[in-house]
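Architecture and fold: a report
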Amino acid sequence: MIGSSRFRTYVAHAVLLVGILIVAFPIYYTFVASTHTLQTILRPPLPLLPGGEFWNNYSEALLGGVNRIGGVGVDVLLFNTLVMALGIAIGKICISILSAYAIVFFRFPLRMVFFWLIFITLMLPVEVRILPTYKVMVDLNLIDTYAGLIVPLIASATATLLFRQFFMTIPGELVEAARVDGAGPWRFFFDILLPLSRTNIAALFVILFIYGWTQYLWPLLVTNHNDMNTIVIALRKMVSFADADTQWHLVMVTAMLAIVPPILVVVGMQRWFVRGLVESEK
Amino acid sequence: MATVDMKDVKKVYAGGVEAVKGVSIAIPDKQLCVLVGPSGCGKSTLLRMIAGLEAISSGTVSIDGKVVNAISPTDRDIAMVFQNYALYPHMNVYDNMAYGLRNRGTPKAEIDSRVRSTAKVLELAHLLERRPRELSGGQRQRVAMGRAIVRNPKVFLFDEPLSNLDAKLRGQMRVEIKNLQRNLGVTSVYVTHDQLEAMTLADILVVMNAGLVEQMGAPLDIYEKPASTFVASFIGAPPMNLMALKREGGHARLAEGVTLGVEPPATAATLGFRPEDAIVGQVEGKRALVLPAVVEAVEPVGAESFLHCAATGDRVLVRVSGRATAKPGDKLSITASLDKIHWFDAAGKRV
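Before going into details, it helps to say that this report is about the structure given with it. (Residues numbered from 1 in each chain as written. Chains lettered and ligands numbered in written order. Predicted model: local features only at pLDDT ≥ 70, side-chain atom pairs only at ≥ 80, totals over all residues. Heavy atoms only, no water.)

Before going further, it helps to examine empty space enclosed by the protein. Going through the model one piece at a time under the given rule, you end up with 3 cavities of 30 Å³ or more. Of the volumes computed, that of the largest cavity is approximately 70 Å³. Elements with a minimum of two residues in the lining of the largest cavity: helix H9 (172–180) of chain A together with strand S6 (78–81) and helix H4 (137–149) of chain B. With 3 residues, H4 of chain B is the single largest residue contributor to the lining of the largest cavity. Its residues assigned to classes, the lining of the largest cavity comprises 7 nonpolar, no polar and 3 charged. The calculated volume of the second largest cavity comes to roughly 50 Å³. Taken together, Val81, Met145, Ala148, Ile149, Phe156, Phe158, Ile177, Leu180, Gln181 and Leu184 of chain B form the lining of the second largest cavity. Of all elements in the fold, only H4, strand S7 (155–159) and helix H5 (167–184) of chain B reach the threshold of two or more residues within the lining of the second largest cavity. With 4 residues, the top contributor of residues to the lining of the second largest cavity is H5 of chain B. Broken down by class, the residue content of the lining of the second largest cavity amounts to 9 nonpolar, 1 polar and no charged. (1 Å grid on protein atoms, 1.4 Å probe; cavity = no way out; pocket = protein on both sides within 12 Å on 5 of 7 lines; lining within 4 Å. Points joined across faces, edges and corners; volume = space filled by probe spheres on them. Helix = DSSP H or I, 4+ residues; strand = E, 2+ residues; numbered from the N terminus. Nonpolar A, V, L, I, M, F, W, Y, C, P; charged D, E, K, R; others polar.)

Here is the structure:
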């Protein structure tokens, strides 16, 4: 700690509290809105304290309210989003750890060319290549499929670079010891590299899961049927619902439900996440 | 169990750098061969070529009479102890030792009995569940040894295994390694830059310099008859005193007023004597090399003291046992008996 005087502690806590307030208040306000009736929400100002409609709103949303507006239930939306987020996170980790493994531990012709090819894709975000990617998905008949949602997003230069940096810190002696101990490339990967990378994998998983969960543009393009919608897309459709007034209380409930899974992932993996970011176990 | 033969082994790296320039060493069964030399002399490269971690550019390495140039490290039946131990950080001591056996498909019961008996020998039995980071340096070193021993290989390879330990532990482990190697009777190659380790461990000592073998033989033979000025200054601590001879009218001499005591061999260009072979003062009635000298510094070590002196333009080191009475600035004579003087020619080779 830099200082330990009482005054400094107060200042530090005050700054943190302001920060928390700024981050947490919109979420709190969404929660508050999700516990009031539509009439209360539409008649400003919205109260600062939760109302008494928690059970009504949440059961209405879960038991068909969202279905009535968007054509699919919250359960389907959550499931779709979960599949996409998990697919993207796991897919990205698998692909990037394997390509980093190849680039760091094997000597093959054009190794650096491949490395730079991967590196260059950092400069091409999804938005830049979205039209050609869409055309490819159409040609492959992958519109409105989970594969169509996931596959175009799983190549990841960032994750590859992170794993590369980590692999480069593994001492050459360890690789040689494994060779003398009779571990071939696969054995070395599974017995030594993977266990050593587990904190990095956990940290990446958290980041990538949230990245996948909050995807907007690509799912919007590649899904047409309502029952393939992700929860983020469904929220947007609920807001701009054309035939009637926006059901704000249900929108707020859906928004709260959309926030819960990422929070669970972060809280559940917090210990690993922090460890993966700060220390490497060696 | 096994012999190791190197025949004209060379290592040329891409880019033309020659790290090992043709080395032939034959290590008989159960012997411990120490490769010693300054950093960059190619000793580690040579070891890694025996291990199979480095490709052999030309020449052959054979283990037990079989050429192993094209055989992978796994199948050479060798075990290696690395400088930084290279223990698998995520495995406990037991798994670290068992890993090599598991990869070779050894039955579980046999793995267990071998790991446990090796752990007992190395006094690691109570540490089997620990992770490497929970161990001290000396314990890690033991685990690294255990990992090699448990496999019961034909050859042990040691790559400066003690250089990360503190001085006291190093001395202790040195003795342990020697005893283990002798008890197990496994042919071993040991790389070090520490001449003390080299002298005490070796059955065969190989002094390397710039990719070549300078001298090979029993440690004390090398100590007593160094083949070159390089070996003379590398083996022995503190190193041998070397003084250049001047030739005047066919006679070799050191400087004005210095008795060489003997006519040196015709080709001699350098004379050398060890600090422990010289005494302070003069000995009556004996032909000897007598150097007038001025004490520059005194290093008391306890059992002995070293006098750093300036004599005829050279720096000369003399060992005196016990406490030295001389002080910096004192003038004295240094006497070395003639049978303890080594002669080297202009190329640095022993005459």
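What follows continues from the structure just given.
On to the packing of aromatic side chains. Residues and elements named next belong to chain A. Per the counting criterion, the structure on display carries 27 aromatic pairs over all chains. Between Phe166 and Phe167, the ring centres sit 6.0 Å apart and the planes meet at 55°, which makes this aromatic pair tilted. Of the two residues, Phe166 and Phe167, both sit in the buried class. A centroid spacing of 5.6 Å and a plane angle of 20° characterise the contact between Trp186 and Phe190, whose relative ring orientation is stacked. In this pair, Trp186 and Phe190 are both assigned in helix H10 (residues 185–196), 4 residues apart and thus about one turn of the helix distant. (Phe/Tyr/Trp six-rings, centres within 6.5 Å; stacked < 30°, edge-to-face > 60°. Buried < 20%, exposed > 50% of the residue type's maximum accessible area, 1.4 Å probe, protein only.)

All quantities given are derived from atomic positions and should not be read as evidence of function.
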